[in-house]
Amino acid sequence: MVVAAVAAAYLVFTQLRLRLLEYAIKIGRPVGPMWLPLTVTKVLKIWSWMNGVNVRSESGEGLECDRSRRYMMTWHPHGFIVYCPIFLMAEKAIRGEPVGAPWHCTGAPVLFKVPFIGELLQVLSGRPVDKRTLESIMAAGGTVAVQPGGMTEQKATRHDQELALFPANLGFIRMAIKYGTPILMLYIFGENQLYKKVDGMEKFTDMLFKVTGLALPLFTAKAGLPTAAFFPRATDIHARWGAPVEVGEPDENPSDDKVEEVFSRYLKELQRIFYANAQECLPPDVAARGLKIVRMDGKPVAELRAEDKPPVMRSRL
């Protein structure tokens, strides 16, 4: 009887929460008192510190971006569970750093219906990463942060190989061009090393995704704990912000050639950030393997020429 009453109350609460989320999406900005999400971010940072996960360095051109402009933000890599954007970077989204206005980190819509995870993401001003939501926020003058590879990249995440996957239609590029918003990129070195991939379980991951819509590669966490997302391995995190990638004037229906041209410059900036910092911010063996970039439509990816690669920094590890 008590269990049924609690379940019913939580169901009502969830429905009200999702209605509030719809309203927040419509107006394109955070709702509610700022003290609540800021308090949650402090708790998450303390928990990370207790697990030995801290942002040891942060730098890059993006930290000095023009705050009078509006941006679309992206981050790489996805990681096993998107740990750092939630546990370590959410305070920046709430305070509007470094772009000068609050921004919304986005995630799979199904996550907003998962108990505890849905509440956590919503409190931290997270938003579903579907076209309707993104269009609504962008049209209202808001700012979103997207992870281009999404769940496909998540399923392919490994601790020993840095990876960047891109969707066939390059929707994030098209939307940035539509609204004329430069793309501000963040690379989070150490995200993939918070856990270790368990090989041979890819079929299980695919089955789980088909049944639940959740992409969760099997991994081990601290002390070898299986899929213990809240107990990451002690890891130093290094955040590197890229220079804004310009997209030109707003264009409601950009040509494929224009999309490819902007994407080409995006990839060049992504590779510049990576190769300028990999030796300093990743384990030597991971840095040596480089950044694997894959387009889901099978199109080739131009590698950064050796002469264009910036000088590497000395390893911290």
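Refer to the structure printed above.
A few points on the structure.

Conventions we followed
- As a convention, each chain's residues are numbered from 1 in the sequence order in which they are written.
- The predicted nature of this model means local features are confined to residues of pLDDT at least 70 and side-chain atom pairs, given and counted, to a pLDDT of 80 or more, with totals for whole chains, interfaces and linings taken over all residues.
- Only heavy atoms go into the side-chain values, all of them from the structure, while hydrogens and water stay out.
- Numbering goes from the N terminus for both helices and strands, where a helix is a DSSP run of H or I of at least four residues and a strand is a run of E of at least two.
- In what follows, residue pairs with any heavy atoms lying within 4.5 Å of each other are defined as contacts.
- Only the stretch in contact is used when fitting a helix axis, every axis being a line fitted to C-alpha atoms; angles between N-to-C directions are given from 0 to 180 degrees.
- An angle below 35 degrees is read as roughly parallel, one above 145 as roughly antiparallel, one from 65 to 115 as roughly perpendicular, and any other as oblique.
- Only Asp, Glu, Lys and Arg are considered charged in this grouping, and only Ala, Val, Leu, Ile, Met, Phe, Trp, Tyr, Cys and Pro are considered nonpolar; every other residue, Gly among them, is considered polar.
- Only protein chains enter the accessibility calculation, which uses a 1.4 Å probe; a residue whose area is less than 20% of its type maximum is buried, one above 50% is exposed, and one in between is partly exposed.
- Note that His is not counted, nor are the chain ends; the positive residues are Lys and Arg, and the negative ones are Asp and Glu.
- Here a salt bridge means any side-chain nitrogen of Lys or Arg lying within 4 Å of a carboxyl oxygen belonging to Asp or Glu.
- Throughout this description, a polar contact denotes any pair of N or O atoms lying within 3.5 Å of each other; where both atoms belong to protein, one of them has to be capable of donating a hydrogen while the other can accept it, and for residues adjacent in sequence the pair is counted only when both atoms sit in side chains.

Topologically, Thr133 is positioned in helix H6 (residues 131–139). If we skip the residues at most four places from it in the chain, Thr133 touches Ile25, Arg127 and Pro128.

Okay, the packing of helix H8 (residues 171–179) against helix H10 (residues 256–281) next. At a closest axis distance of 10 Å, the pairing of H8 and H10 adopts a crossing angle of 105°. Viewed along their axes, H8 and H10 adopt a mutual orientation that is roughly perpendicular. Of the residues in H10, those in contact with Phe172, Ile173, Arg174 and Ile177 of H8 are Asp256, Lys258, Val259, Val262, Phe263 and Tyr266. Per-class residue counts for the contact of H8 with H10 are seven nonpolar, no polar and three charged.

Trans is the common state for peptide bonds, and a negative phi is the common state for residues other than glycine. Cis rather than trans, the peptide bond between His76 and Pro77 has omega equal to -15°. Summarising the element assignment, Pro77 is placed in the loop between strand E2 (72–76) and helix H3 (83–87). At the junction of Glu97 and Pro98, the peptide bond is cis and its omega measures out at 0° in the coordinates. A positive phi angle is found at Phe116, which is not glycine, with a value near 70°. Mapped onto the fold, Phe116 is located in the loop between strand E3 (104–107) and helix H5 (117–123). Here the phi dihedral of Ser125 falls at roughly 65°; this positive angle occurs in a residue that is not glycine.

Here Glu191 lies in the loop between strand E7 (183–189) and strand E8 (196–197). For Glu191, which is buried and forms no salt bridge, the nearest opposite charge comes from Arg233, at a distance of 12 Å. In this structure the side chain of Glu191 is engaged in a polar contact, spanning 2.9 Å, whose partner is the backbone nitrogen of Tyr83. Apart from the residues lying within four places of it in its own chain, the contact partners of Glu191 are Pro77, His78, Gly79, Val82, Tyr83, Cys84, Pro85 and Ile237.

All right, on to the pattern of salt bridges then. Counted by the stated rule, this structure contains 25 salt bridges. The salt bridge partner of Lys178 is Glu252, with a shortest N-O separation of 3.6 Å. Here Lys178, found in helix H8, pairs with Glu252, found in the loop between strand E10 (235–241) and H10; they are 74 residues apart in sequence, far enough to count as distant. Residue classification places Glu252 among the exposed positions, given a relative accessible area of 61%. Each of Lys42, Lys45, Glu91 and Arg95 takes part in one network of salt bridges that share partners.

Remember, this is a structural readout, not a statement about activity or role.
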